[in-house]
Amino acid sequence: MLNYKIIFTEEVKGFIYCLDSKSVEKILKTFDKVKLGLFRDYYAKMSGTKDFYECKLKTKDHWFRFITKHYKINDETTIIVLSGFKKKSNKIPQNEIKKAEKIYEKIFKSGHS
(Lines give C-alpha, C1' and ligand atoms only; values in the text may rest on other atoms or scores of the structure.)
Protein backbone atom coordinates (compact mmCIF):
# COMPACT_ATOMS: atom_id res chain seq x y z
CA MET A 1 0.00 0.00 0.00
CA LEU A 2 1.17 3.51 -0.79
CA ASN A 3 1.96 5.95 1.96
CA TYR A 4 2.02 9.63 1.11
CA LYS A 5 3.46 12.50 3.07
CA ILE A 6 0.90 15.29 3.54
CA ILE A 7 1.79 18.95 4.06
CA PHE A 8 -0.80 21.61 4.87
CA THR A 9 0.03 25.17 3.78
CA GLU A 10 -0.27 27.98 6.32
CA GLU A 11 -3.42 29.14 4.48
CA VAL A 12 -5.06 25.76 5.00
CA LYS A 13 -3.93 25.52 8.62
CA GLY A 14 -5.53 28.92 9.24
CA PHE A 15 -8.75 27.83 7.54
CA ILE A 16 -8.96 24.60 9.55
CA TYR A 17 -8.09 26.37 12.80
CA CYS A 18 -11.27 28.49 12.51
CA LEU A 19 -13.58 25.47 12.21
CA ASP A 20 -15.45 23.62 14.93
CA SER A 21 -13.78 20.56 16.48
CA LYS A 22 -16.04 17.99 14.78
CA SER A 23 -15.29 19.42 11.34
CA VAL A 24 -11.56 19.47 12.10
CA GLU A 25 -11.69 15.84 13.25
CA LYS A 26 -13.48 14.75 10.07
CA ILE A 27 -11.04 16.66 7.85
CA LEU A 28 -8.01 15.12 9.56
CA LYS A 29 -9.50 11.61 9.41
CA THR A 30 -10.16 12.05 5.70
CA PHE A 31 -6.58 13.14 5.06
CA ASP A 32 -5.35 10.16 7.09
CA LYS A 33 -7.13 7.97 4.52
CA VAL A 34 -5.63 9.95 1.64
CA LYS A 35 -2.20 9.56 3.25
CA LEU A 36 -2.65 5.79 2.98
CA GLY A 37 -3.57 6.05 -0.70
CA LEU A 38 -7.27 5.41 -0.16
CA PHE A 39 -8.57 7.66 -2.93
CA ARG A 40 -12.26 6.90 -2.91
CA ASP A 41 -15.11 9.15 -4.01
CA TYR A 42 -13.85 11.91 -1.72
CA TYR A 43 -10.49 12.37 -3.48
CA ALA A 44 -9.97 12.67 -7.23
CA LYS A 45 -7.95 14.43 -9.91
CA MET A 46 -9.57 17.65 -11.11
CA SER A 47 -10.17 17.91 -14.83
CA GLY A 48 -9.11 21.08 -16.60
CA THR A 49 -6.35 21.92 -14.11
CA LYS A 50 -2.58 21.61 -13.87
CA ASP A 51 -2.69 18.19 -12.17
CA PHE A 52 -4.58 19.36 -9.10
CA TYR A 53 -6.66 17.03 -6.98
CA GLU A 54 -9.79 17.75 -4.99
CA CYS A 55 -10.60 16.36 -1.58
CA LYS A 56 -14.25 16.80 -0.71
CA LEU A 57 -16.08 15.98 2.45
CA LYS A 58 -19.40 16.69 4.04
CA THR A 59 -19.98 17.45 7.67
CA LYS A 60 -23.36 17.84 9.29
CA ASP A 61 -23.71 21.43 8.12
CA HIS A 62 -21.22 22.03 5.30
CA TRP A 63 -19.34 20.71 2.32
CA PHE A 64 -15.62 21.36 2.49
CA ARG A 65 -13.23 21.23 -0.45
CA PHE A 66 -9.45 21.13 -0.47
CA ILE A 67 -7.27 21.55 -3.54
CA THR A 68 -4.05 19.54 -3.47
CA LYS A 69 -1.06 18.86 -5.69
CA HIS A 70 1.19 15.81 -5.75
CA TYR A 71 4.93 16.03 -6.25
CA LYS A 72 7.66 13.46 -6.08
CA ILE A 73 11.11 13.78 -4.52
CA ASN A 74 13.48 10.82 -4.21
CA ASP A 75 10.76 8.24 -4.87
CA GLU A 76 8.53 9.72 -2.16
CA THR A 77 5.26 11.35 -3.19
CA THR A 78 4.14 14.31 -1.14
CA ILE A 79 0.65 15.76 -1.25
CA ILE A 80 0.56 19.46 -0.50
CA VAL A 81 -2.83 20.80 0.57
CA LEU A 82 -2.93 24.23 -1.07
CA SER A 83 -6.39 25.61 -0.45
CA GLY A 84 -9.44 24.87 1.67
CA PHE A 85 -12.90 26.37 1.56
CA LYS A 86 -16.58 25.81 2.25
CA LYS A 87 -18.48 24.97 -0.88
CA LYS A 88 -22.13 25.52 -1.68
CA SER A 89 -22.36 24.51 -5.33
CA ASN A 90 -21.16 21.44 -7.20
CA LYS A 91 -18.62 23.40 -9.25
CA ILE A 92 -15.31 24.60 -7.83
CA PRO A 93 -15.04 28.37 -8.19
CA GLN A 94 -12.37 29.39 -10.70
CA ASN A 95 -10.91 31.85 -8.18
CA GLU A 96 -10.16 28.94 -5.80
CA ILE A 97 -8.24 27.11 -8.54
CA LYS A 98 -6.28 30.26 -9.37
CA LYS A 99 -5.57 30.78 -5.66
CA ALA A 100 -4.20 27.22 -5.39
CA GLU A 101 -2.03 27.76 -8.48
CA LYS A 102 -0.55 30.95 -6.99
CA ILE A 103 0.17 29.28 -3.65
CA TYR A 104 1.86 26.35 -5.41
CA GLU A 105 3.99 28.65 -7.57
CA LYS A 106 4.96 30.73 -4.54
CA ILE A 107 6.05 27.63 -2.60
CA PHE A 108 8.24 26.28 -5.37
CA LYS A 109 9.72 29.63 -6.33
CA SER A 110 10.86 30.11 -2.73
CA GLY A 111 12.78 26.82 -2.84
CA HIS A 112 10.62 24.66 -0.59
CA SER A 113 10.45 21.82 -3.08
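Just so it is clear, the structure is predicted and the values come from calculations on it, not from any experiment.

What counts and how
- Residues numbered from 1 in each chain as written.
- Predicted model: local features only at pLDDT ≥ 70, side-chain atom pairs only at ≥ 80, totals over all residues.
- Heavy atoms only, no water.
- Helix = DSSP H or I, 4+ residues; strand = E, 2+ residues; numbered from the N terminus.
- Rg over C-alpha atoms; globule rule 2.2 N^0.38 Å.
- Buried < 20%, exposed > 50% of the residue type's maximum accessible area, 1.4 Å probe, protein only.
- Lys, Arg positive; Asp, Glu negative; His and termini not counted.
- Charge placed at Lys NZ, Arg CZ, Asp CG, Glu CD.
- Pairing = 2+ DSSP bridges.

In this section: the overall build of the chain. Within the chain, the secondary structure is distributed over 3 helices and 5 strands. Along the chain, helices (α) and strands (β) appear in the sequence β-α-α-β-β-β-β-α when read from the amino end. In terms of overall dimensions, the chain is globule-like: its C-alpha atoms have a radius of gyration of 13 Å, near the 13 Å expected for 113 residues. With respect to the principal axes defined by its C-alpha atoms, the chain has extents near 40 × 35 × 25 Å. Within the chain, the fraction of its 113 residues that count as buried is 44%. In the chain, the 25 positive side-chain charges and the 14 negative ones have mean positions that sit 4 Å from each other.

The subject of this paragraph is the pairing of strand 5 (residues 76–87). The buried fraction of strand 5 amounts to 10 of the 12 residues, a majority that puts the element mostly inside the structure. Count of turn residues in the strand 4 (residues 63–73)/strand 5 antiparallel hairpin: 2 residues, of which Asn74 carries a positive phi of about 50°.

Inspection of the secondary structure assignment puts Leu36 in the loop between helix 2 (21–35) and strand 2 (43–45). The partly exposed category is assigned to Leu36, whose relative accessible area is 38%. Leu36 sits 34 residues away from Leu2 along the chain, and the two C-alpha atoms are 5.8 Å apart.

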